[in-house]
Number of protein chains: 2
Amino acid sequence: MENSFVLMGLGAMGYGMGQSLLRAGIEVDGFDLNAETRSRFRQESGRSLDIDAAAVTAAGAIIVVVNAAQTEEAIFGTEGLASKLKPGAVIISCATISAQQAVDFEARAEALGLMYLDAPISGGSARAAQGKLSIMASGKPEAFTKAQPALEAMAETVFRLGDKAGPGSAMKSVNQLLAGVHIAATAEAFAFGLSQGVDAEQIMQVIPRCAGSSWMFENRGPYIAAGDYRPHSAVDIFVKDLGIVTSAASASSLELPVAKTALARFRDASEKGLGREGDVAVVKLYRDQAGLELPSPTNGGE
Amino acid sequence: MENSFVLMGLGAMGYGMGQSLLRAGIEVDGFDLNAETRSRFRQESGRSLDIDAAAVTAAGAIIVVVNAAQTEEAIFGTEGLASKLKPGAVIISCATISAQQAVDFEARAEALGLMYLDAPISGGSARAAQGKLSIMASGKPEAFTKAQPALEAMAETVFRLGDKAGPGSAMKSVNQLLAGVHIAATAEAFAFGLSQGVDAEQIMQVIPRCAGSSWMFENRGPYIAAGDYRPHSAVDIFVKDLGIVTSAASASSLELPVAKTALARFRDASEKGLGREGDVAVVKLYRDQAGLELPSPTNGGE
């Protein structure tokens, strides 16, 4: 059981990561607060999934894919993992948290005789299910050694960014700065194109072949062109992630005018009640400000 | 000679486009105000290159790749092309100008019995030389017909965006909004990473594999990591291009907070005397504000 894993959090990302682990032949118990998700994972895995003491105590490593707000409680809360794990087990933490928080979590885990791997992920749920994530990881070499089979099963590329917690989450923050700005820029570019009489479908055909493209443009643009505001990833995620970015920069006396403007867009959208819509709902701010007509599933969608 | 072309402007983009035209077996006379560039092109093409009346009068189409400020003079100035071309010749205009200006140029060309193709380009000088540009074109079908052999020789993809001038340049403005924001975001992301102790080389290894990547990040990031501020494309280009974007949006009463913030970064850099450095010199604003140490060719470059 030394090499078995527990996966905590079977949301869109975690569920896909679980599938990749199972496909690679790794023993993994999946747990989620949502009973329906748990039951679906059990059918695929054939494995027990209650987060009982036996499975957790036996595990060599726990992969934590709950959201950032839940991560501290999941690990260090009164019913948290840290109180159940055997000494030397590795906590692999995947949520987007600040580098400072990752440093703190590592210190608290080590004080309890546990190891901690700072291992935020990038790529979205589709790539999670394909085992093609990018993992920005840092931590002690022994933590990497224990986590390695799982990291390889879940990721196309595992970046080893240092031998302590912090650099992994710092790099994830760099990524989220760019990702958040690019989503806001995607929304703004569609609004601008529409204001100039350019069609959303044409924008989606042309820009991915031009120097203005981005990973986020190609990923999120189709939602705007199809009028799809379901929360594949919600506005409030970037209120949180760009908040982490700007707070960390403030602590280093660095001003980030571009990220700050993007953050203000996500906050404005959230305050308008769009926080739980897909993050491209930022485009609705432009619609309301300038009276634009956005594509809808009936007039511009698939 | 009906199918011959004249290429006006042999800068980094124009020169590469000329090479692609020659490789495709297209008769092209190249002209540039710079005598050394002209002479280099003559050696490659074996063709006359003085912008003499005979070559221009004979040409079926003129490809204008001078910068935006020079385009009006090159076409409609007292010594401009429009006064020399034979009726029915096509002016293929490649600079980034506003959609409104493209509409005006078409009207003026047509009043002189000429045709006009609104044909801005994207991809950079390397792709120009490989014949792999993207061209965002709009104009009359007859203009497309005459221009087609040259467009195909220069481009991997020719987008036909409408049957009059305007939509081509409008789409280019959408692209420049994104491109400008992404360059500013790239500079800001490097500055942020450095402030958090993340190494520029690591950023360059990780981000292109993650959701924060963009065409501009992958193209410009290596310059920051190598401390290379030569003007492959200068800060002042985006002062101009984002100025076109924000002016066009203003005319439609649309606010563009993200693009406006990026424009302010390029303007700040220009006012600090960095206007003729490479556009990534925006990162020096962050260096000066927060006292960061940027990579230099000696400490972080190749």
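Residues numbered from 1 in each chain as written. Chains lettered and ligands numbered in written order. Predicted model: local features only at pLDDT ≥ 70, side-chain atom pairs only at ≥ 80, totals over all residues. Heavy atoms only, no water.

Before going further, it helps to examine the overall build of chain A. Along its length, chain A carries 13 helices and eight strands. By principal-axis analysis of the C-alpha atoms, chain A measures approximately 60 × 50 × 35 Å. In chain A, the proportion of contacts linking residues at least 24 apart, taken out of those at least 6 apart, comes to 66%. Here chain A displays about 11500 Å² of accessible surface, and carbon together with sulfur accounts for 49% of that area. Considering chain A, the positive charge centre built from 26 side chains and the negative charge centre built from 34 side chains are found 1 Å apart. (Helix = DSSP H or I, 4+ residues; strand = E, 2+ residues; numbered from the N terminus. Contact = heavy atoms within 4.5 Å. Areas by Shrake-Rupley, 256 points an atom, 1.4 Å probe, with all protein chains shown as cover. Lys, Arg positive; Asp, Glu negative; His and termini not counted. Charge placed at Lys NZ, Arg CZ, Asp CG, Glu CD.)

This part takes up the relation of the copies chain B and chain A. Superposing chain B onto chain A takes a rotation of 180 degrees plus a shift of 0.0 Å along the axis, which leaves an RMSD of 0.0 Å. Given the turn and translation reported, the copies of this chain are related as if by a two-fold rotation axis. Within chain B, the C-alpha atom positioned nearest to the axis of rotation is that of S214 of chain B, 1.9 Å from it. A share of 100% of interface residues in chain B that are also interface residues in chain A marks the association as one of identical surfaces. (Least-squares fit on C-alpha atoms with pLDDT ≥ 70 in both.)

Looking now at the packing of aromatic side chains. Summed over all chains, the structure comprises 10 aromatic pairs over all chains. Between F76 of chain B and F105 of chain B, the ring centres sit 5.4 Å apart and the planes meet at 55 degrees, which makes this aromatic pair tilted. Of the two residues, F76 of chain B sits in helix α4 (residues 68-76) while F105 of chain B sits in helix α5 (residues 99-111), which places them 29 residues apart along the sequence. Of the two residues, F76 of chain B and F105 of chain B, both sit in the buried class. Linked through ring pairs, F76, F105 and Y116 of chain A together constitute an aromatic cluster. Positioned over the ring face of F76 of chain A is R108 of chain A, at 4.3 Å from the centre of the ring. Between the NZ or CZ atom of K284 of chain B and the centre of the ring of Y229 of chain B, over which it lies, the distance is 4.3 Å. (Phe/Tyr/Trp six-rings, centres within 6.5 Å; stacked < 30°, edge-to-face > 60°. Buried < 20%, exposed > 50% of the residue type's maximum accessible area, 1.4 Å probe, protein only. Lys NZ or Arg CZ within 6 Å of the ring centre and 35° of its normal.)

Another point: the nonpolar core. One finds F192 and L256 of chain A together with F192 of chain B to be the most contacted residues of the largest nonpolar core, which totals 111 residues. Dropping the residues within four chain positions of it, F192 of chain B is found in contact with S173, V174, L177, V245, A248, A249, L254 and L256 of chain A. (Core = buried A, V, L, I, M, F, W, Y, C linked by side-chain atoms within 4.5 Å.)

Here we come to the interface of chain B and chain A. Listed by partner, the interface residues are 60 residues for chain B and 60 residues for chain A. The salt bridge partner of E156 of chain A is R209 of chain B, with a shortest N-O separation of 3.4 Å. Counting every contact that joins chain B to chain A gives 26 residue pairs in polar contact (both at pLDDT 80 or more). Those elements that place two or more of their residues in the side of chain B that touches chain A are β7 (133-139), β8 (155-160), α8 (167-195), α9 (200-206), α10 (215-226), α11 (235-251), α12 (257-274) and α13 (283-290) of chain B. (Salt bridge = Lys/Arg side-chain N within 4 Å of Asp/Glu carboxyl O. Polar contact = N/O pair within 3.5 Å; in protein donor to acceptor, adjacent residues only side chain to side chain.)

Residues and elements named next belong to chain B. Taking every second residue as pointing to the same face, both faces of strand β5 (residues 115-118) are buried, with M115 and L117 on one and Y116 and D118 on the other. Bridge count for strand β4 (residues 90-93) against β5 is four bridges, and the pairing is parallel. The residue bridging S93 from the neighbouring strand is D118, located in β5. Handedness of the β-α-β unit built from β4, α5 and β5 comes out right-handed. (Pairing = 2+ DSSP bridges. Right-handed = clockwise from strand over helix to strand, strands pointing away.)

This part covers the pattern of salt bridges. Enumeration over the complete set of coordinates arrives at 22 salt bridges over all chains. Here R127 of chain A and E156 of chain A are joined by a salt bridge, their closest N and O atoms 3.2 Å apart. Here E156 of chain A lies in strand β8 (residues 155-160) and R127 of chain A lies in helix α6 (residues 124-129), a separation of 29 residues in the sequence. By relative accessible area, E156 of chain A is classed as partly exposed at 43%. In this structure, the salt-bridge partner of K272 of chain B is D288 of chain B, at a minimum N-O distance of 3.6 Å. On the criterion of sequence distance, the pair formed by K272 of chain B in helix α12 and D288 of chain B in helix α13 is long-range, its members being 16 residues apart. On the basis of relative accessibility, which here comes to 51%, the residue K272 of chain B falls in the exposed class.

With that settled, the discussion passes to the UniProt feature "domain: 3-hydroxyisobutyrate dehydrogenase-like NAD-binding" (unreviewed entry) in chain A. Under the feature "domain: 3-hydroxyisobutyrate dehydrogenase-like NAD-binding" (unreviewed entry), the UniProt entry names residues 166-286 of chain A. Strand forms 0% of residues 166-286 of chain A and helix 72%; the C-alpha atoms that close the span are 37 Å apart. (UniProt positions renumbered as here; feature names shortened; annotations may be inferred.)

Here we come to the domain arrangement of chain A. Residues and elements named next belong to chain A. Along its sequence, chain A is carved into domain 1 (5-164) and domain 2 (170-290). Centre-to-centre, using C-alpha coordinates, domain 1 lies 28 Å away from domain 2. Contact with domain 1, which involves 11 residues of that partner, is made by 10 residues of domain 2. Summed over both partners, the interface of domain 1 with domain 2 buries about 810 Å², with 68% contributed by carbon and sulfur atoms. Taken together, the connections running from domain 1 to domain 2 amount to zero salt bridges. Seen at the junction of domain 1 and domain 2, the total is three residue pairs in polar contact (both at pLDDT 80 or more). (Domains from an automatic or database assignment. Buried area = accessible area lost by both parts, 1.4 Å probe.)

Moving on, we come to the packing of α12 of chain B against α13 of chain B. Residues and elements named next belong to chain B. Running from N to C, α12 and α13 cross one another at 75 degrees; their axes reach a closest spacing of 9 Å. On the basis of their axis angle, the class for α12 and α13 is roughly perpendicular. Judged by residue contacts, R265, D268, A269, K272 and L274 of α12 engage K284, L285, Y286 and D288 from α13. (Axes fitted to C-alpha atoms, helices over the stretch in contact; angles between N-to-C directions. Parallel < 35°, antiparallel > 145°, perpendicular 65-115°, else oblique.)

A word on the state of the cysteines. Taken as a whole and assessed by the stated rule, the structure comprises zero disulfides over all chains. Not part of a disulfide, C94 of chain A finds its nearest cysteine sulfur in C210 of chain B, a span of 13 Å. A relative accessible area of 4% means that C94 of chain A is categorised as buried. (Disulfide = S-S within 2.5 Å.)

Now for the side chain of D241 of chain B. All names here are of chain B. Note on placement: D241 falls in helix α11. Among the polar contacts made by the side chain of D241, one reaches the side chain of K240 at a distance of 2.4 Å. Other than its neighbours up to four places away in sequence, D241 contacts T96 and Q176.

What follows covers helix α4 (residues 68-76) of chain A. Residues and elements named next belong to chain A. Restricting attention to buried positions, one finds in α4 the residues A68, T71, A74, I75 and F76. Take α4 and look down its axis: the buried residues cluster within an arc of 160 degrees, on one side only. In α4, those exposed residues whose orientation departs by more than 90 degrees from the buried face are A69 and E73. Lining the buried residues of α4 we find β1 (5-8), β3 (61-64), β4 (90-93), α5 (99-111), β5 (115-118) and α11 (235-251). Its side-chain oxygen at 3.1 Å from the backbone nitrogen of A69, N67 defines the N-terminal cap of α4. (Arc of directions from axis to C-beta.)

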